[in-house]
Amino acid sequence: MPALPSFCLCRPLFPSKTCCPDSLPRLSALVAAILILASGATTNASAQERRVPGSPNELRLSYAPVVQRVAPTVVNVYAAKTVSVRNPLFDDPIFRRFFGVPGGPGGQGGEQVQRSLGSGVLVDTSGLVVTNNHVIEGADQVKVSLADKRELEAEIVLKDARSDLAVLRLKAQGERFPALELADSDALEVGDVVLAIGNPFAVGQTVTHGIVSAVARTQVGITDYQFFIQTDAAINPGNSGGALVDLGARLVGINTAIFSRSGGSQGIGFAIPANMVKVVVASARSGGSTVKRPWLGARLQAVTPEIADSLGLKRPIGALVASLTPASPAARAGLKTSDLIIAIDGQAVDDPNAFDYRFATKAVGGIARLGVVRAGKELAMTVGLEALPDTPHEERLIESQSPFQGAKVSNLSPALADDLRIDPTTQGVVIVDVAGGSAAQSLGFQRGDLVLSVNNAKIAKTSDLQRATSQQSRLWRITILRGGQQMSVELRG
C-alpha cells in the first residue's frame, strides 16, 4: 500500500518556515501559546482514537444479533434432474453388429442424475422460499435443508428466467416457518454495511460481511433485467440464491453471481435487488405460475456520446425511444420516436436497463409518471401499467418433409415476444419448440427463431409457413431472424 502523504500542522501558519525546535524561541509568546494548545489538542485526539475499551460491552460489539435473526431463514437448496447419457459408439452400425447392441442409432444409453446445490431464503411463514432460477432449472426433484438440519421436499411454484428468480413451497402442512422481511432496496447507499449468508462450496451455512460497492450495475450481462447491487462481501459458488441483508436483519438482495477469474470470490459480487424479489414473490402468493409485469410497447436504445451531442445533452443519459408498438401503453401515453426518457416516478433513468428494471417493478393496474425530453424541452407524461396482451398464437406443428419438420411455430404476440426476448414491435412467425431428433433440430433451428421467408415467400402467419413447407422442393432458401441478426441459408432437399 502506498504511504499516505504526511502533513505538518504548523505550515498553514508559517508557510516560509519549518516546524523545528530551534525556531520556537523566536516566536511571539502568543503564537507559542497557540502552538502549545494545538499540540495538546492533537495529543488528546490521538489518545481518544487509541483508548482502551471502557466496558465489557464494548468488547462484545458484533454482527451476531443480526445473524441470529437471519440464519434460521436461510436454507440450502438441492436440485436433481435425470439426463440421458448416450455413448456415440452406439451410432456406429458396425459396433452394434459385432457387439450385439440392439436398437437404432442413439437407442442405447443410460440415465444419469445431475445434482446442483444452492441457497435460498424463506420469505413467508407458510414456507415460500426464494432462490435463483439457475439453481433449480430443469430439476425433477427439489429438496430444502433448513438451518435446524431438517430436510423437506419442495415444489416449484414459479420460475422467472428473466430475473433469474424462482419461488419454492415447502411440503409441510400447518407448520409456520421463520421468514425474512424484505427491505426497500432503493434505500441502499454505496458504503452501507451488508452481510451475505449462504452455503459456499457446500461447507455449511457461512456468513461474510462487506459494504455496498454500487447500487445500480446495469452492464453485467447476467439476466434480462440488468440492475444489480454490487458488494465486496465474499460470495462463492453455492451462495447463489442466498441472502444479502442489512444491519436491520432485512433482505436487501438475492446473491446471484460473482466476477472472478479463478472461480472464487475476488470482492465483486452481484445481488438481485429486493424490490425485484417482491414482484416475483407477489405473483407466487397470488397463485400465478408466471410473473405479471407491465409492458411499455416501445423499443428503447442507449444514448451514445454522439447522440447526446446531437440532442444538446451535457452527458449521455436516459433511454431513447427507437420505435413504438401501435395501440400500446407507450403510444397511448403520447410517446414518440426520438423522445428521451430521463426519469420514472421521480427516479433518474441512466440507460434502458435502468428503465426496464424500474418499470418491471411497478404493479400492474396503476400508472407511472415519466420525465421526457422532446426537442430540448422537458415534458411530464403518464403511462398506464398494463399487463401484456396475450392474443391467440395459432400454434402449429410442422409435420411435412421439410427443414422445419418437428418444429412447433406460433404467431408472434406481444406477450410471446416478451417471453422470448424479441422486440415487441416485431411481427411474424416464431419457433416456440423443436422436437428432439427432428429434422429442424438437426439443422440447428432454435426456440425464438423468427421465420421471415421460405423460398422467397414472405411468412406472416403460421398458415403461410405450413403452406410453404407442404410443397416439395429440391432447394430451400430460408431467412430467419435470431438475436436481432438476419440470417439466410440455402439447403438441399
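Residues numbered from 1 in each chain as written. Predicted model: local features only at pLDDT ≥ 70, side-chain atom pairs only at ≥ 80, totals over all residues. Heavy atoms only, no water.

**Q** An account of the overall build of the chain is needed here, citing residue identities and associated values.
**A** When you go through the chain residue by residue, the secondary structure sums to 12 helices and 25 strands. In the chain, which comprises 493 residues, the share counted as buried stands at 41%. For the chain, the proportion of contacts with a sequence separation of at least 24, taken over those separated by at least 6, is 58%. When the accessible surface of the chain is split by element, carbon and sulfur atoms take 52% of a total near 26,900 Å². (Helix = DSSP H or I, 4+ residues; strand = E, 2+ residues; numbered from the N terminus. Buried < 20%, exposed > 50% of the residue type's maximum accessible area, 1.4 Å probe, protein only. Contact = heavy atoms within 4.5 Å. Areas by Shrake-Rupley, 256 points an atom, 1.4 Å probe, with all protein chains shown as cover.)

**Q** If you had to explain the side chain of S453 to someone new, which residues and values would you point to?
**A** Structurally, S453 can be placed in strand β22 (residues 450-454). Here S453 falls in the buried class, since its relative accessible area comes to 16%.

**Q** Which residues make up helix α12 (residues 462-469), and what are the values?
**A** Residues T462, D464, L465, A468 and T469 constitute the buried set of α12. One side of α12 holds all its buried residues, which, seen down the axis, span an arc of 155°. (Arc of directions from axis to C-beta.)

**Q** Go over the pattern of salt bridges with me, naming the residues and quoting the values.
**A** Here the idea is simple: oppositely charged side chains can pair when their charged atoms come close. With the rule as written, the count across this model stands at 14 salt bridges. Note that R332 and E386 form a salt bridge whose closest N and O atoms lie 2.5 Å from each other. On the criterion of sequence distance, the pair formed by R332 in helix α8 (residues 329-333) and E386 in the loop between β18 (377-384) and β19 (396-397) is long-range, its members being 54 residues apart. Between D449 and R482 there is a salt bridge, with the nearest N and O atoms lying 2.8 Å from each other. Placement of D449 in the loop between α11 (439-442) and β22 and of R482 in strand β24 (residues 475-482) is noted, with a sequence separation of 33 residues between them. D449 gets classed as buried once you look at its relative accessible area, which sits at 1%. The exposure class of R482 is partly exposed, given its relative accessible area of 24%. Each of D148, R150 and E175 takes part in a single network of salt bridges with overlapping partners. (Salt bridge = Lys/Arg side-chain N within 4 Å of Asp/Glu carboxyl O.)

**Q** Explain the pairing of strand β25 (residues 485-492) to me, using residue names and the numbers behind them.
**A** Relative to β25, β24 runs antiparallel, the two sharing 8 bridges. Bridging from a neighbouring strand, T479 pairs with S488 of β25. Taking the residues that link successive antiparallel strands as the turn, the β24-β25 hairpin has 2 residues, and the phi of G483 there is positive, at about 60°. (Pairing = 2+ DSSP bridges.)

**Q** Go over unusual backbone geometry with me, naming the residues and quoting the values.
**A** A positive phi angle, close to 60°, is found at A202, a residue other than glycine. Mapped onto the fold, A202 is located in the loop between β7 (193-198) and β8 (206-217). Positioned with a positive phi, A249 is a non-glycine residue whose angle comes to about 60°. We classify A249 as buried; its relative accessible area is 7%.

**Q** An account of the packing of aromatic side chains is needed here, citing residue identities and associated values.
**A** Pairs of aromatic rings are described using the distance from one ring centre to the other and the angle between the two planes. For the structure on display, the rule yields 4 aromatic pairs. The interplanar angle of 70° and the centroid separation of 6.3 Å between the aromatic rings of F228 and F270 together place this pair among those described as edge-to-face. Taken as a pair, F228 in strand β9 (residues 228-231) and F270 in strand β12 (residues 269-273) lie far apart in primary sequence, 42 residues in all. (Phe/Tyr/Trp six-rings, centres within 6.5 Å; stacked < 30°, edge-to-face > 60°.)

**Q** How would you summarise the sheet that holds β7 if you had to cite specific residues and measurements?
**A** A barrel is described by the order of its strands in space; here 6 strands give the closed sequence β7-β8-β9-β12-β11-β10, paired in antiparallel fashion. Pairs of neighbouring strands in the sheet enclose a mean axial angle of 45°, with direction left out of account. Set on the sheet, helix α6 (residues 274-285) makes contact with β11 (251-258) and β12; between it and β12 the angle comes to about 45°. (Axes fitted to C-alpha atoms, helices over the stretch in contact; angles between N-to-C directions.)

**Q** Summarise the environment of L450; cite the residues concerned and give the values.
**A** As for its position among the elements, L450 is in strand β22. Distance in space between the C-alpha atoms of L450 and G483 is 9.3 Å, their sequence separation being 33 residues. Beyond its immediate sequence surroundings of up to four residues, L450 is in contact with L412, T426, Q427, G428, V429, V430, T479, I480 and L481.

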